[in-house]
Amino acid sequence: QAHLVESGGGLVQAGGSLRLSCAASGIISSIYAMNWYRQAPGKQRELVALITSGGSTNYADSVKDRFTISRDNAKNTVYLEMNSLKPEDTAVYYCNAHRHTYSSMYDYWGQGTQVTVSS
């Protein structure tokens, strides 16, 4: 059974940095697209960054040039390096593993980690 565990969240001042980790078990994360989403209070969950199984990355405009997603397939772990944090980055951050084949789709979520950026 797939299990994703996020860590690294916390309270940081504006302009600071945090590094989130997402450790996967029960799946070979290297064959999945790994994504970071976030959800702020009263707002919809939004895609922040993704990394494909081939290593291509994409970012939401709001975090481009500040956040970096990476993966260590040997450790079955995905990271989100967050720099120059802003109060509007405050949210619960969720890790997602996604894969679809011709006949099936696989979607797994972590429990989330809180990131709070104070002004």
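(A) Seen up close, the environment of Leu-18. Structurally, the position occupied by Leu-18 is in strand 3 (residues 18-25). A residue is classified by how much of its surface remains accessible, and Leu-18, at 15% relative accessible area, is buried. The sequence separation of Leu-18 and Tyr-37 amounts to 19 residues, and the corresponding C-alpha distance is 15 Å. Contacts of Leu-18, omitting those with residues within four sequence positions, involve Gly-8, Gly-10, Val-12, Leu-80, Glu-81, Met-82, Leu-85 and Val-115.

(B) Spotlight on the packing of aromatic side chains. Taken as a whole, this structure holds 2 aromatic pairs when the rule is applied. Judged by centre distance (6.1 Å) and plane angle (55°), the ring pair of Tyr-32 and Tyr-108 falls under tilted. In this pair, Tyr-32 sits in the loop between strand 3 and strand 4 (33-39) while Tyr-108 sits in strand 10 (residues 105-109), placing the two residues 76 residues apart along the sequence. Overall, the relative accessible area of 6% leaves Tyr-32 in the buried class. Ring geometry for Tyr-37 against Trp-109: centres 4.9 Å apart, planes inclined by 55°, an arrangement best described as tilted. Of the two residues, Tyr-37 is situated in strand 4 and Trp-109 in strand 10; the sequence distance between them amounts to 72 residues. Take Trp-109: its relative accessible area is 37%, and that puts it in the partly exposed class. The cationic tip of Arg-45 hangs over the ring face of Tyr-94; the distance from NZ or CZ to the ring centre is 3.8 Å. The ring of Trp-109 is capped by Arg-45, whose NZ or CZ atom sits 4.8 Å from the centre of that ring.

(C) Summary view of the sheet that holds strand 1 (residues 3-7). Spatially, 4 strands are ordered 1-3-8-7 in an open sheet, and the strand pairing comes out antiparallel. The open sheet has two edge strands, strand 1 and strand 7 (67-72), and neither has a second partner. Strand-to-strand twist of the sheet, defined as the mean angle between neighbouring strand axes without regard to direction, takes the value 15°. As defined by bridge partners, strand 7 adjoins strand 8 (residues 77-82) across 6 bridges and the pair is classed as antiparallel. Pairing of Ile-69 across the sheet is with Leu-80, part of strand 8.

(D) Up close: the state of the cysteines. Tallying each qualifying case throughout the model produces 1 disulfide. Residue pairing for Cys-22: its cysteine sulfur links by disulfide to Cys-95, the two sulfurs lying 2.0 Å apart. An S-S torsion of about -80° defines the bridge between Cys-22 and Cys-95 as left-handed. Here Cys-22 is found in strand 3, whereas its partner Cys-95 is found in strand 9 (residues 91-100), with 73 residues between them in sequence.

(E) Inspection of the nonpolar core at higher detail. Judged by nonpolar contacts, the single largest core of 30 residues is most densely connected at Met-34, Trp-36, Leu-80, Met-82 and Tyr-93. Secondary-structure elements contributing two or more residues to this core are strand 3, strand 4, strand 5 (46-51), strand 7, strand 8, strand 9 and strand 11 (113-118). Residues contacting Leu-80, with those up to four places away along its chain left out, are Leu-18, Arg-19, Leu-20, Trp-36, Val-48, Ala-49, Phe-67, Thr-68, Ile-69 and Tyr-93.

(F) Geometry of the pattern of salt bridges. Summed over all chains, the structure comprises 5 salt bridges. The shortest N-O distance in the salt bridge between Glu-46 and Arg-38 comes to 2.7 Å. Residue class for Glu-46 comes out partly exposed when judged on its relative accessible area of 33%. When its relative accessible area of 6% is taken as the criterion, Arg-38 is described as buried. Salt-bridge contacts for Asp-89 lead to Arg-66; the nearest nitrogen and oxygen are separated by 2.8 Å. Of this pair, Asp-89 sits in the loop between strand 8 and strand 9 while Arg-66 sits in the loop between strand 6 (57-59) and strand 7; the two residues are 23 residues apart in sequence, bridging distant segments of the chain. For the pair shown, Asp-89 and Arg-66 are each scored as buried. Linked by salt bridges that have partners in common, Arg-38, Glu-46, Arg-66 and Asp-89 make up one network.

Basis of the calculations
Residues numbered from 1 in each chain as written. Predicted model: local features only at pLDDT ≥ 70, side-chain atom pairs only at ≥ 80, totals over all residues. Heavy atoms only, no water. Helix = DSSP H or I, 4+ residues; strand = E, 2+ residues; numbered from the N terminus. Buried < 20%, exposed > 50% of the residue type's maximum accessible area, 1.4 Å probe, protein only. Contact = heavy atoms within 4.5 Å. Phe/Tyr/Trp six-rings, centres within 6.5 Å; stacked < 30°, edge-to-face > 60°. Lys NZ or Arg CZ within 6 Å of the ring centre and 35° of its normal. Pairing = 2+ DSSP bridges. Axes fitted to C-alpha atoms, helices over the stretch in contact; angles between N-to-C directions. Disulfide = S-S within 2.5 Å. Core = buried A, V, L, I, M, F, W, Y, C linked by side-chain atoms within 4.5 Å. Salt bridge = Lys/Arg side-chain N within 4 Å of Asp/Glu carboxyl O.

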